[in-house]
Every structure is written in structure tokens, then in C-alpha cells.
Amino acid sequence: MIDPGTQENGEDYLAYNRRRWGSDGWTHSLRAKGRKVGAPFADWKIWPNTLRAHQLLRFAPAPARPQLKKAMFEAIYENGENVSDPEVVCRLAAENGVDVEGFRRVLDTPAAQQDVRRACAQASQRGVRGVPYFVVSGREDARPVGFSGAVDAPQLVEIFGEVL
């Protein structure tokens, strides 16, 4: 989850950033990088609680997950939608070929919520501290390198150079 401490129904984007970091200044370089690849974060209005989005990803069949992730990112960052809202995640499920009625039956059940929280706890134990998070491994004599966030090409070359 992006931040398990986010209010259940999400929070106003700017209010969240001010509360957590004092401003949204940290997003300026993210937005600049995004513009270069067609993801300008043009209508990011809500800082969502992603518990429901993660429930959907865990429920969805594996082949549907890549497109679902893309749809969620577009909904949050480009369309100003709130994936904390159960109706939004159900609509995204339907639009991406997921059994919506089946998903509605498990959405927000204690078991589905615990499944997501358990997966997040396991990731945290492995050192994951942000999203996206990548682990690169290669040579047997090199330890895997983990990193989080949007990374420039020169940084990627350096990381891959360490392990390959």
C-alpha cells in the first residue's frame, strides 16, 4: 500500500502532502519525468488509501493485473479519481474484465483486508519502503540491489553495473 496511514476514503492531495511533508514539492521532479513519457500526473486530486485497489489486484486473475494497474494509475493521476471508493474500484474491475460480482462479495471482508496487510508486512520485512520497488540481481558474487521510485537512466545503468 502507498501509505496504510491514509484515511480510509482517501485524502485531498494537497492537504495530505502538506500534512505529511509540508508541501507537494517532492512531486515536481516526478511530474517532470512523467511528462517526458506521457504520464504528466495531470489531474492528481486525491491521495488514495489503496487497500481496496490492492484487494482488487489480489482478486483479479494474473493476466488482468497489468492492465488493471495501468487503469488504476490513469484513474488516480490523470483522471482525478479516488480508488479508495469501492464504486471506482468495481468500475475499474468491470472495465478490465474482472468478475465484479465475485469481487464485490470479497471486497472489504476481514479476510481480503488481512490478505493485503499480510502481503504488505512481508514486503516491509524484505526492505520494501516505497512504490514502485525493484530488486535487481545478477552475478553470484554480487548482492541484489533494491531501489524505490522513479529512477533516471544513468542511475539504472549504475545499479545494473553493480550486479551484472
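Just so you know, these numbers come straight off a predicted model, no measurement behind them.

For the rest of this paragraph, the subject is the packing of helix H3 (residues 51–59) against helix H4 (residues 65–78). Contact geometry of H3 with H4 gives a least axis separation of 10 Å together with a crossing angle of 160°. Classified by the interaxial angle, the pair formed by H3 and H4 is roughly antiparallel. Of the two elements, H3 crosses H4, and the hand of that crossing is right-handed. Contact with H3, carried on its side by Ala53, Leu56, Leu57 and Arg58, involves Arg65, Leu68, Lys69 and Met72 of H4 and no other residues of that element. Considered class by class, the residues forming the contact of H3 with H4 number five nonpolar, no polar and three charged.

The subject of this paragraph is the nonpolar core. Trp44, Leu56, Leu68, Met72, Val83, Leu92 and Val98 are the most contacted members of the largest nonpolar core, which has 26 residues in total. For this core, the elements supplying multiple residues, two or more each, are helix H1 (13–21), H3, H4, helix H5 (86–95) and helix H6 (100–106). The biggest single contributor to this core is H4, with six residues. Once you skip the residues sitting within four places of it in the chain, Trp44 turns out to touch Tyr13, Trp26, Thr27, Leu30, Arg31, Ile76 and Tyr77.

Helix length check: helix H7 (residues 110–125), at 16 residues, gives a terminal C-alpha distance of 22 Å against a target of 22 Å (1.5 Å per residue), a fit within 8%. When we look at burial in H7, the residues that qualify are Ala112, Val116, Ala119 and Ala123. Buried residues in H7, looked at end-on, bunch into an arc of 60°, giving them a common side. More than 90 degrees from the buried face of H7, the exposed residues found are Pro110, Ala111 and Gln125. Packed against the buried residues of H7 are H3 and H6.

Once that is clear, we can look at the pairing of strand E4 (residues 145–148). The two faces of E4 differ: Val145 and Phe147 on one face are buried, but Gly146 and Ser148 on the other face are not. As paired strands, strand E3 (residues 133–136) and E4 are joined by four bridges and run antiparallel to one another. Looking across to E4, one finds that Phe134 is bridged to Phe147.

Conventions and cut-offs
Residues numbered from 1 in each chain as written. Predicted model: local features only at pLDDT ≥ 70, side-chain atom pairs only at ≥ 80, totals over all residues. Heavy atoms only, no water. Axes fitted to C-alpha atoms, helices over the stretch in contact; angles between N-to-C directions. Helix = DSSP H or I, 4+ residues; strand = E, 2+ residues; numbered from the N terminus. Parallel < 35°, antiparallel > 145°, perpendicular 65-115°, else oblique. Left-handed = near helix turned anticlockwise from the far one by under 90°. Contact = heavy atoms within 4.5 Å. Nonpolar A, V, L, I, M, F, W, Y, C, P; charged D, E, K, R; others polar. Core = buried A, V, L, I, M, F, W, Y, C linked by side-chain atoms within 4.5 Å. Buried < 20%, exposed > 50% of the residue type's maximum accessible area, 1.4 Å probe, protein only. Expected span 1.5 Å × (residues − 1). Arc of directions from axis to C-beta. Pairing = 2+ DSSP bridges.

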